[in-house]
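These are the residues of each chain, in order.
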Amino acid sequence: MASPFDAINPDAYSAYVFWSAVLVAKILLMAPLTAIQRFKNKAFANPEDASIISKKLKPKLDDIDVERVRRAHLNDLENIFPFFVIGFLYLLTNPAPFLAINLFRAVAVSRILHTLVYAVVVVPQPARFLAFMGAMVPTAYMALQTILYFLR
Amino acid sequence: MASPFDAINPDAYSAYVFWSAVLVAKILLMAPLTAIQRFKNKAFANPEDASIISKKLKPKLDDIDVERVRRAHLNDLENIFPFFVIGFLYLLTNPAPFLAINLFRAVAVSRILHTLVYAVVVVPQPARFLAFMGAMVPTAYMALQTILYFLR
Amino acid sequence: MASPFDAINPDAYSAYVFWSAVLVAKILLMAPLTAIQRFKNKAFANPEDASIISKKLKPKLDDIDVERVRRAHLNDLENIFPFFVIGFLYLLTNPAPFLAINLFRAVAVSRILHTLVYAVVVVPQPARFLAFMGAMVPTAYMALQTILYFLR
């Protein structure tokens, strides 16, 4: 019996795997980025972490720099994980490879820019809004196309 | 060589893809829902966002309405992402299509109701608890079935 | 036409599915663990939840025990979801099955230990750091290998 995956275009598929792996690596980098800010600002979430610096240091949960990185991290989870899922399902709807490849690229590049302007250099708006939409619009487009494909 | 995906039932598989795409769209809608509450309550997380309204407006991280939508959003990540993974793996355990399709439906409908009663209209308990369990129970069932299938 | 999934090693694949299902079950258990702490400390996030105990009980968002479990839960999302994605994509890079199986094991066992030392018994550092790295290092390794495979 043929599997539903036999129709996947190899080029679109490779682009999906490559950019997804890049985005996984990008998400993983948020952990050391948070740790750097925690040590720099001596703002640890747990007493057992704060005591690495000093037994007297109390946990601090409202440090501005740490919370900014954590918001960028959470925003990644909210937007990149849906992409991982819908990017894969969209591949199965037999899209034009050129379109699919560029949608994946747009999401990946936008999400890397999003982290840079949110948590690394802090650029004024609308920089972060544009980076956000650069990933949100292709992801929403893929979700709609996938829904429509299965309603047909 | 046969791939492990050759045995997937096409109807169960289509139901998985369709409901997953619907849930991706649902998760993506949490972003504009949060933005609406942020503008309505003038409660922005970052100074560069608050300054869109006024240079004097300070970030506000404890707005009741905004935080409610954010908790609903986080609850989605905690529950819908595990479903995306286990729904797919469960498909590979050769389940009865009728059962699989209805489990997927139960999760998707429950999670849509969860958002409605949590972040849109705010219905008294046990509305949210029941919507939560309507997705949690099928997801946990699929996880157990998948573990048991591979222990056999 | 051959699908890109035909090359997957069945043993490595089974290990991925098994450990992923275990980790899904582990993530799902964070919800009752949070609920236990919420009831124990009477710390509910929403007025409609607090009123189950008493109409006078106000929401409490900074309970130490509840927030610890929630941080462990969020840390799961930040680290286990990337593993679900990259573990699957790594399988497609034709890795040595023995290596792949042990990487999956390392991630799963480390993340279970992470929850135990973070949110169940609270062990001093470096226990949590080591458990974190026990999953982070294999996940980052798989991400790098997958990126390199597609750059070749």
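Residues numbered from 1 in each chain as written. Chains lettered and ligands numbered in written order. Predicted model: local features only at pLDDT ≥ 70, side-chain atom pairs only at ≥ 80, totals over all residues. Heavy atoms only, no water.

- Chain A goes by Microsomal glutathione S-transferase 1 in an unreviewed UniProt entry, where it is assigned to Anopheles farauti.
- The Sequence similarities (unreviewed entry) comment attached to chain A in UniProt states, word for word, "Belongs to the MAPEG family."
- As recorded by UniProt, the Function (unreviewed entry) comment attached to chain A reads in full: "Conjugation of reduced glutathione to a wide number of exogenous and endogenous hydrophobic electrophiles." (UniProt positions renumbered as here; feature names shortened; annotations may be inferred.)

1. As for the overall build of chain A
Reasoning step 1: Along the backbone of chain A there are five helices and zero strands.
Reasoning step 2: In chain A, the succession of helices and strands from N to C terminus is α-α-α-α-α.
Reasoning step 3: Whereas a compact globule of 152 residues would reach a radius of gyration of roughly 15 Å, chain A reaches 19 Å, over 25% beyond that.
Reasoning step 4: Across its three principal axes, chain A shows a C-alpha extent of roughly 65 × 40 × 25 Å. (Helix = DSSP H or I, 4+ residues; strand = E, 2+ residues; numbered from the N terminus. Rg over C-alpha atoms; globule rule 2.2 N^0.38 Å.)

2. Overview of the packing of aromatic side chains
Reasoning step 1: Tallied over the full model, the rule gives 36 aromatic pairs over all chains.
Reasoning step 2: Between the aromatic rings of Phe18 of chain C and Trp19 of chain C, the centroid separation amounts to 5.0 Å while the plane-to-plane angle is 70 degrees, which identifies the pairing as edge-to-face. Each of the two residues, Phe18 of chain C as well as Trp19 of chain C, counts as buried.
Reasoning step 3: Above the ring of Tyr118 of chain B, the side-chain terminus of Arg128 of chain B is found at 4.1 Å from the ring centroid. (Phe/Tyr/Trp six-rings, centres within 6.5 Å; stacked < 30°, edge-to-face > 60°. Buried < 20%, exposed > 50% of the residue type's maximum accessible area, 1.4 Å probe, protein only. Lys NZ or Arg CZ within 6 Å of the ring centre and 35° of its normal.)

3. Comments concerning the relation of the copies chain B and chain A
Reasoning step 1: Between chain B and chain A, the superposition needs a rotation of 120 degrees and an axial shift of 0.0 Å, giving an RMSD of 0.0 Å. What the superposition gives is, in effect, a three-fold axis relating one chain to the other.
Reasoning step 2: Comparing interface residues between copies, only 16% of those in chain B also sit at the interface in chain A, which points to a heterologous contact through distinct surfaces. (Least-squares fit on C-alpha atoms with pLDDT ≥ 70 in both. Contact = heavy atoms within 4.5 Å.)

4. Quick notes on the interface of chain B and chain A
One frequently used descriptor of interface size is the decrease in accessible area upon assembly of the parts.
Reasoning step 1: Of the residues lining the interface, 31 residues belong to chain B; the matching set on chain A comes to 31 residues.
Reasoning step 2: The three residues of chain B that bury the most area against chain A are Tyr13, Leu28 and Glu48 of chain B, which together make up 22% of that side's buried surface.
Reasoning step 3: Inspection of the region where chain B meets chain A yields three salt bridges.
Reasoning step 4: Glu48 of chain B is the partner of Arg68 of chain A in a salt bridge, and the nearest nitrogen-oxygen pair spans 2.8 Å.
Reasoning step 5: If you look at where chain B meets chain A, you find seven residue pairs in polar contact (both at pLDDT 80 or more).
Reasoning step 6: With 14 residues, the top contributor of residues to the side of chain B that touches chain A is helix H1 (residues 10–40) of chain B. (Buried area = accessible area lost by both parts, 1.4 Å probe. Salt bridge = Lys/Arg side-chain N within 4 Å of Asp/Glu carboxyl O. Polar contact = N/O pair within 3.5 Å; in protein donor to acceptor, adjacent residues only side chain to side chain.)

5. Notes on the interface of chain C and chain B
Reasoning step 1: Opposite the 32 residues of chain C that make contact, chain B presents 31 residues.
Reasoning step 2: Buried surface at the junction of chain C and chain B, summed over both partners, amounts to about 2500 Å²; 75% is from carbon and sulfur atoms.
Reasoning step 3: In terms of surface lost to chain B, no three residues of chain C exceed Tyr13, Leu28 and Glu48 of chain C, which account for 22% of the buried area on that side.
Reasoning step 4: One can count three salt bridges joining chain C with chain B.
Reasoning step 5: Joining chain C to chain B, the criterion identifies seven residue pairs in polar contact (both at pLDDT 80 or more).
Reasoning step 6: Taken together, the elements giving at least two residues each to the side of chain C that touches chain B come down to helix H1 (10–40), helix H2 (47–50) and helix H3 (64–91) of chain C.
Reasoning step 7: Here the residues of the side of chain C that touches chain B sort into 24 nonpolar, four polar and four charged. (Nonpolar A, V, L, I, M, F, W, Y, C, P; charged D, E, K, R; others polar.)

6. Here's the deal with the relation of the copies chain C and chain B
Reasoning step 1: Turning chain C through 120 degrees and shifting it by 0.0 Å along the axis lays it on chain B, with an RMSD of 0.0 Å.
Reasoning step 2: Of all interface residues in chain C, a mere 16% are interface residues in chain B too; the two copies therefore contact each other through different surfaces.

7. So, the pattern of salt bridges
Reasoning step 1: In this structure the tally under the stated criterion is 21 salt bridges over all chains.
Reasoning step 2: Each member of the salt-bridge network shares a partner with another, and the members are Glu48 and Asp49 of chain A together with Arg68 and Arg128 of chain C.

8. Looking at helix H4 (residues 97–120) of chain C
Reasoning step 1: Its 24 residues place the ends of H4 of chain C 33 Å apart at the C-alpha level, agreeing with the 34 Å of an ideal helix rising 1.5 Å per residue.
Reasoning step 2: Positive backbone phi, at 55 degrees, marks Val122 of chain C, one or two positions downstream of H4 of chain C. (Expected span 1.5 Å × (residues − 1).)

9. Points about a nonpolar patch on the surface
Reasoning step 1: On the surface, a nonpolar cluster with roughly 530 Å² of combined accessible area is contributed by Val109, Ile112, Leu113, Leu116, Val120, Val121 and Val123 of chain A.
Reasoning step 2: Mapped onto the elements of the fold, Val121 of chain A is located in the loop between helix H4 (97–120) and helix H5 (127–151). (Patch = residues over 30% accessible without salt bridge, like charges linked within 9 Å, V, L, I, M, F, W, Y side chains within 5 Å. Areas by Shrake-Rupley, 256 points an atom, 1.4 Å probe, with all protein chains shown as cover.)

10. Some points on the UniProt feature "transmembrane region" (unreviewed entry) in chain A
Residues and elements named next belong to chain A.
Reasoning step 1: Mapped onto this structure's residue numbering, the UniProt feature "transmembrane region" (unreviewed entry) falls at residues 16–36, 77–93 and 129–151.
Reasoning step 2: Taken end to end, residues 77–93 is 88% helix and 0% strand, and its two terminal C-alpha atoms sit 25 Å from one another.
Reasoning step 3: Taken end to end, residues 129–151 is 100% helix and 0% strand, and its first and last C-alpha atoms sit 32 Å apart.

11. Concerning the packing of helix H3 (residues 64–91) of chain B against H3 of chain C
Geometrically, a packed helix pair is captured by the angle between its two axes and the distance between the axes.
Reasoning step 1: Between H3 of chain B and H3 of chain C, the shortest axis-to-axis distance is 11 Å and the interhelical angle comes to 30 degrees. Taken as axis vectors, H3 of chain B and H3 of chain C run roughly parallel relative to one another. Crossing of H3 of chain B over H3 of chain C shows left-handed handedness. The residues of H3 of chain C that touch H3 of chain B, namely those facing Leu74, Leu77, Glu78, Phe81, Pro82, Val85 and Phe88 of chain B, are Arg70, His73, Leu74, Leu77, Phe81, Phe84 and Phe88 of chain C. (Axes fitted to C-alpha atoms, helices over the stretch in contact; angles between N-to-C directions. Parallel < 35°, antiparallel > 145°, perpendicular 65-115°, else oblique. Left-handed = near helix turned anticlockwise from the far one by under 90°.)

12. Some thoughts on the environment of Val17 of chain A
Reasoning step 1: Within the fold, Val17 of chain A resides in helix H1 (residues 10–40).
Reasoning step 2: Residue Val17 of chain A is classed as buried on the basis of its relative accessible area, which comes to 0%.
Reasoning step 3: Through-space distance from the C-alpha of Val17 of chain A to that of Phe104 of chain A is 9.6 Å; in sequence the pair is 87 residues apart.
Reasoning step 4: Beyond its immediate stretch of four places on either side in the chain, Val17 of chain A contacts Leu89, Thr146 and Phe150 of chain C.

13. Brief notes about the packing of H3 of chain B against helix H4 (residues 97–120) of chain B
Residue and element names in this part refer to chain B.
Reasoning step 1: Contact geometry of H3 with H4 gives a least axis separation of 10 Å together with a crossing angle of 175 degrees. With respect to H4, the axis of H3 lies roughly antiparallel. For the pair formed by H3 and H4, the contact residues are Arg68, Val69, Arg71, Ala72, Asn75, Asp76, Asn79, Ile80, Phe83, Gly87, Tyr90 and Leu91 on the first element and Leu99, Ala100, Leu103, Phe104, Val107, Arg111, His114, Thr115, Tyr118 and Ala119 on the second.
Reasoning step 2: When grouped by side-chain class, the residues that make up the contact of H3 with H4 number 13 nonpolar, five polar and four charged.

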